[in-house]
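Summary of the model geometry
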Amino acid sequence: MDINTTEARQTRRVHAGRVFVNGLGVGDVASVRDVASVVLRDRRVLSEEGMLVILITVSKTDGQLISEPDTISRGFVYQRDAQELIKEVNEAVTTTVNNLAERKEGQ
């Protein structure tokens, strides 16, 4: 991708193919390579423990949220069944960021 001050354009091609992943390895149709034990351990931990990621966009000038938080969970709760929990998390994040911005302004 080429980016300048007025536009972003896809100008290059990337070769991509099929990749198959299972608990033992990862590879394309022609060859299967062993996945490092660290990767498999991380996959196991994620499947058992889960992950919660909260993305926020904050103004550099005043510290205020530019958009609503985006909360992503994997292996923690099924997001469609946990909309109320996700809503509460987003509200807590919004309140916390706003309080921090106000505290920064008061200094």
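Thresholds applied
Residues numbered from 1 in each chain as written. Predicted model: local features only at pLDDT ≥ 70, side-chain atom pairs only at ≥ 80, totals over all residues. Heavy atoms only, no water. Helix = DSSP H or I, 4+ residues; strand = E, 2+ residues; numbered from the N terminus. Buried < 20%, exposed > 50% of the residue type's maximum accessible area, 1.4 Å probe, protein only. Contact = heavy atoms within 4.5 Å. Pairing = 2+ DSSP bridges. Polar contact = N/O pair within 3.5 Å; in protein donor to acceptor, adjacent residues only side chain to side chain. Patch = residues over 30% accessible without salt bridge, like charges linked within 9 Å, V, L, I, M, F, W, Y side chains within 5 Å. Areas by Shrake-Rupley, 256 points an atom, 1.4 Å probe, with all protein chains shown as cover. Salt bridge = Lys/Arg side-chain N within 4 Å of Asp/Glu carboxyl O. pLDDT = per-residue confidence, 0-100.

1. Brief notes about the overall build of the chain
Check the secondary structure of the chain and you find two helices and seven strands. Ordered by position in the sequence, the α and β elements of the chain form the string β-β-β-β-β-α-β-β-α. Within the span of the chain, comprising 107 residues, buried residues form 17% of the whole. Within the chain, contacts between residues separated by at least 24 positions form 29% of all contacts whose residues are at least 6 apart in sequence.

2. Structural notes on the environment of Asn98
Residue position: Asn98 is located in helix α2 (residues 83-106). Considering only alpha carbons, one finds Asn98 and Val58, 40 residues apart in sequence, at a separation of 10.0 Å. Once residues within four sequence positions are removed from consideration, Asn98 is found in contact with Gln64 and Leu65.

3. With respect to the environment of Pro69
As for its placement among the helices and strands, Pro69 is situated in the loop between β6 (51-55) and β7 (70-74). Judged by its relative accessible area of 7%, Pro69 is buried. In sequence terms Pro69 and Ala92 are 23 residues apart; their C-alpha atoms lie 9.9 Å from each other.

4. A look at the side chain of Asn90
Structurally, Asn90 is set in helix α2. Look at Asn90 and you get buried, because its relative accessible area is 16%. Look past the residues within four positions of Asn90 in its chain and what remains in contact with it is Pro69 and Thr71.

5. Some details on the pairing of β7
Burial along β7 is one-sided: Thr71 and Ser73 are buried, while Asp70, Ile72 and Arg74, pointing the other way, are not. Bridge count for β6 against β7 is five bridges, and the pairing is antiparallel. From the neighbouring strand, Leu52 faces β7, where its bridge partner is Ser73.

6. Focus: the side chain of Thr71
One can find Thr71 in strand β7. At a separation of 2.4 Å, a polar atom in the side chain of Thr71 contacts the side chain of Asn90.

7. Observations concerning a nonpolar patch on the surface
Taken together, the side chains of Leu52, Ile54, Ile56, Val58, Phe76 and Leu85 make up a nonpolar region of the molecular surface, amounting to roughly 460 Å² of accessible area. Secondary-structure assignment places Ile54 in strand β6. Residue class for Ile54 comes out partly exposed when judged on its relative accessible area of 35%.

8. Concerning the confidence of the model for the chain
For the chain, per-residue confidence averages 76 on the pLDDT scale, and 74% of positions sit at 70 or higher. Of all the helices and strands in the chain, strand β5 (residues 32-34) carries the lowest mean pLDDT, 47, while β6 carries the highest, 88. Low pLDDT, under 50, characterises residues 28-33; the predicted model gives this stretch nine contacts beyond four residues in sequence or across chains.

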